[in-house]
Number of protein chains: 2
Amino acid sequence: MDRINIHIRDLITSYQELNPSTIPELSDPPSALEFMRYAATNRPFILRNGAADFPAVQKWNAAYLREVMNDAPVNVAISAAGDADSVLERPDGELWFIKPCEVSAPFGAVLDAIQLQEQDAGHTGPVLYAQTQNDNLRNEYAPLYADIPPTIPFARIALQRPPDAINFWLGSARSRTALHRDPYENIYVQVLGTKTFTLLPPTEAPCVNEQRLRAGTYVPAAETQAEHEAEGPPAAVYPTLDSPPASIPFPTWDPDNPAVRPSPYSHLAWPIRLMLRPGDMLYLPALWYHAVAQGNGNEGISCSVNYWYDMDYSGAFYSLSGFARGVGLASMGREEDGGFIDAPAT
Amino acid sequence: MDRINIHIRDLITSYQELNPSTIPELSDPPSALEFMRYAATNRPFILRNGAADFPAVQKWNAAYLREVMNDAPVNVAISAAGDADSVLERPDGELWFIKPCEVSAPFGAVLDAIQLQEQDAGHTGPVLYAQTQNDNLRNEYAPLYADIPPTIPFARIALQRPPDAINFWLGSARSRTALHRDPYENIYVQVLGTKTFTLLPPTEAPCVNEQRLRAGTYVPAAETQAEHEAEGPPAAVYPTLDSPPASIPFPTWDPDNPAVRPSPYSHLAWPIRLMLRPGDMLYLPALWYHAVAQGNGNEGISCSVNYWYDMDYSGAFYSLSGFARGVGLASMGREEDGGFIDAPAT
Ligand SMILES: O=C(O)CCC(=O)C(=O)O
Ligand SMILES: O=C(O)CCC(=O)C(=O)O
């Protein structure tokens, strides 16, 4: 096992030696071939102002969103403290993977609630984040879809596929998306406010201290349930274990809070941080770990759009990444079957 | 360790499930972007007749080569049985990595000797193979360089670099190149006779049973040394250990002789075989294991040209491939330092 530890360390450090520790900022959109070189090496880039000419970037503000969406029902994720889909440490020390309370509410009420939670510095109620990640911009938010291009040309030509999902994100500085990864090539566009990404490459899987956690969900507090059904978002939520019981392997180490729950490899990680402002575009390659914090714009909201293109499972990258994850877990005595948290969707 | 074995098996089989077990044959040269997709996924392809319009393919034969090269001195590799740069099992069972006797001789004499060794079915003398792999086509064989394009356009545009080496290979069915791998993107062109490749993807590194072997070299037999210095190729060679002593890690399992020296993972390998005929072009991606056998054309020779482009060490592929190799070795109790047999040339 000692020898395995050495190889894991070598993997992490050799990647760091062979790759820049910063993200390039392109001044012009890449050609499809240039984009393919980034995708081939699974390396991110930022295109500052790359989306400056999207109608969304030019037109969207709170009033416009309210006018276009009106009272259309949308799904909103509600958590106790902006911590949906993340690790929750219970009073007894047990870690849960906690999912949000999902509620359907009129868009106007959701936007109001998000803006209100920001205006009140002492806000203690639950935190809302519209972040369904289910292609919502071509469904629930269809009235806004006309304001963005239906695909990103360099990505579509290079990857030879349409986006699998186009997502709309509306939240505020109270929410933070916990470190995780997705089997998607991600083109992420900031529209209002800011987003700050903390990134780790796939070779640093052994750093994230992935553990299998019991799954829980935020549910409306009993006394507020009637109220909630009547008028939208509940006034309080509390965590409860899923039934039937479920569990999920999830990173428990966070590079932005590195002293908490490190794995034996976490100290080797080289997190990369970057901030997107309105009009900026990020290419976040498949299987990169990312945690995402938000900064409010002058209307107290942060709004983004992103395009998820299915990753290519062929070639060696996907299999080798799963292997690195699996060997890392095995070296820490964790007994996940197979190396693949991000199984192909087939 | 048991768990590690399972992850190694999963790596090998998941790659096989996610990738075709055959090599595509393209009917037209790929665009740079299409080529980049193959390079990105580290997947080979064949372009049948892809080099049919190279002057080399149209003009080369024994007489032409003899005329153009005349008596220019060339370096030729001489082995006892066509087994240069391969594993030699000694009478006591020890395995050596044996390198050829390298001799400079007039091209005409080398070509004569190669053709003669094929005409005599009972030939028992040493076997010649002109295969210096040191950019010889732009040096020793410069008079022939005009007969091939200086680069392969789709590869140059996609990879953004000129070839690091262009090599000329002249041998016969008596030689076989042992299973190995190179840190190069390889565009291989067959000109005369045939070559049959046996391939394993980089994920099958644990199958090749790499072992650190003492290094040896074929040297001219003492009684023939004088003769050799006088008139070119020696009449006999025998293996001798290098001094100072040296060792090299090298695959000891051969998918074309699978019962001999298998590793615990060799039975999982899915070797891919393909034959190139005059005018055919192969893209052999970096770090693929390849063994290469030759078939004589009607003049008793096999002749090829290939372009080596440096591989891209950035991204995760190189680091992850080294990791798979290293973990495989560690799981078999082998103690190589680091995972990288193919260290960057820097
Ligand atoms: O914007 C966020 O809060 C998270 C974004 C994300 O996880 C993604 O785009 O995959
Ligand atoms: O043609 C041969 O004998 C071997 C070719 C080879 O190993 C290569 O092109 O890398």
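Reference entry: report on the structure contained in this document. Here the structure is a predicted model, which means the values were calculated and not measured.

Regarding the interface of chain A and chain B
Logical step 1: Contact with chain A, which involves 44 residues of that partner, is made by 44 residues of chain B.
Logical step 2: Summed over both partners, the interface of chain A with chain B buries about 3,900 Å², with 70% contributed by carbon and sulfur atoms.
Logical step 3: Our count for the contact surface shared by chain A and chain B stands at 0 salt bridges.
Logical step 4: Counting across the interface, chain A meets chain B through 14 residue pairs in polar contact (both at pLDDT 80 or more).
Logical step 5: Put simply, the parts of the chain that give the side of chain A that touches chain B at least two residues each are helix H1 (2–18), helix H2 (32–41), helix H7 (153–159) and helix H9 (317–331) of chain A.
Logical step 6: Here the side of chain A that touches chain B takes 10 residues from H9(A), the largest share from any one element.
Logical step 7: Residues that form the side of chain A that touches chain B fall into these classes: 23 nonpolar, 13 polar and 8 charged.

Points about the pairing of strand S8 (residues 165–171) of chain A
Residue and element names in this part refer to chain A.
Logical step 1: Of all 7 residues that make up S8, 7 are buried, and the element is covered over most of its length.
Logical step 2: Of the two faces of S8, the one carrying Ala 165, Asn 167, Trp 169 and Gly 171 and the one carrying Ile 166, Phe 168 and Leu 170 are both buried.
Logical step 3: One ladder, built from 7 bridges, connects S8 with strand S18 (residues 302–310); its direction is antiparallel. The partner of Gly 171 across the bridge, within S18, is Ser 302.

Some details on the relation of the copies chain A and chain B
Logical step 1: Mapping chain A onto chain B calls for a rotation angle of 180 degrees and an axial translation of 0.0 Å; the resulting RMSD is 0.0 Å. Here the transformation between the copies is reduced to the relation of a two-fold axis. Distance from the rotation axis, computed per C-alpha, reaches its smallest value in chain A at A:Ala40: 2.1 Å.

Comments concerning the pattern of salt bridges
All names here are of chain B.
Logical step 1: Inspection of every chain in the model, using the stated rule, returns 26 salt bridges over all chains.
Logical step 2: Notably, a salt bridge pairs Asp 280 with Arg 48, separated by 2.7 Å at the nearest N-O pair. Within this pair, whereas Asp 280 is found in the loop between strand S15 (272–276) and strand S16 (281–284), its partner Arg 48 is found in the loop between strand S2 (45–47) and helix H3 (55–59), the two being separated by 232 residues in sequence.
Logical step 3: Arg 176 is paired through a salt bridge with Asp 254; the nearest N and O atoms lie 2.9 Å apart.

Details of the sheet that holds strand S9 (residues 176–180) of chain B
Residue and element names in this part refer to chain B.
Logical step 1: On the basis of which strands lie adjacent, the open sheet formed by 4 strands has the order S9-S17-S11-S15 and antiparallel pairing. Across the chains shown, the open sheet's two edge strands, defined by having one partner strand only, are S9 and S15. When the angles between neighbouring strand axes are averaged without regard to direction, this sheet yields 15 degrees.
Logical step 2: Relative to strand S17 (residues 289–295), strand S11 (residues 194–200) is paired through 7 bridges, and the arrangement is antiparallel. Residue pairing across strands places Thr 196 opposite Ala 293, the latter belonging to S17.

Quick look at the site of ligand 2
Residue and element names in this part refer to chain B.
Logical step 1: Every residue close to ligand 2 is listed here: Tyr 129, Trp 169, Thr 177, His 180, Asp 182, Asn 186, Tyr 188, Lys 195, His 290, Val 292, Asn 306 and Trp 308.
Logical step 2: Contacts to ligand 2 include Tyr 129, whose side-chain N or O atom sits 2.7 Å from an oxygen atom.
Logical step 3: One nitrogen or oxygen atom from the side chain of Thr 177 is found 2.6 Å from an oxygen atom belonging to ligand 2.
Logical step 4: When ligand 2 sits alone it has 290 Å² of accessible area, and the protein chains cover 99% of it.

A closer look at the environment of B:Pro44
Residues and elements named next belong to chain B.
Logical step 1: Checked against the element boundaries, Pro 44 lands in the loop between helix H2 (32–41) and S2.
Logical step 2: Note: C-alpha distance between Pro 44 and Tyr 318 (274 residues apart in sequence) is 17 Å.
Logical step 3: In this structure, Pro 44 is in contact with Ile 23, Pro 24, Tyr 38, Leu 199, Tyr 283, Pro 285 and Trp 288, ignoring residues within four places of it in sequence.

Considerations on the nonpolar core
Logical step 1: Counting residues in hydrophobic clusters, the biggest one holds 115 residues, and the most contacted among them are A:Trp60 and B:Trp60.
Logical step 2: Among the elements that make up this core, the one with the highest residue count is H2(A) (6 residues).
Logical step 3: Residues contacting B:Trp60, with those up to four places away along its chain left out, are B:Pro55, B:Leu65, B:Leu144, B:Asp147, B:Phe168, B:Val191, B:Leu192, B:Cys303 and B:Val305.

Criteria and cut-off values
Residues numbered from 1 in each chain as written. Chains lettered and ligands numbered in written order. Predicted model: local features only at pLDDT ≥ 70, side-chain atom pairs only at ≥ 80, totals over all residues. Heavy atoms only, no water. Contact = heavy atoms within 4.5 Å. Buried area = accessible area lost by both parts, 1.4 Å probe. Salt bridge = Lys/Arg side-chain N within 4 Å of Asp/Glu carboxyl O. Polar contact = N/O pair within 3.5 Å; in protein donor to acceptor, adjacent residues only side chain to side chain. Helix = DSSP H or I, 4+ residues; strand = E, 2+ residues; numbered from the N terminus. Nonpolar A, V, L, I, M, F, W, Y, C, P; charged D, E, K, R; others polar. Buried < 20%, exposed > 50% of the residue type's maximum accessible area, 1.4 Å probe, protein only. Pairing = 2+ DSSP bridges. Least-squares fit on C-alpha atoms with pLDDT ≥ 70 in both. Axes fitted to C-alpha atoms, helices over the stretch in contact; angles between N-to-C directions. Near = heavy atom within 4 Å. Areas by Shrake-Rupley, 256 points an atom, 1.4 Å probe, with all protein chains shown as cover. Core = buried A, V, L, I, M, F, W, Y, C linked by side-chain atoms within 4.5 Å.

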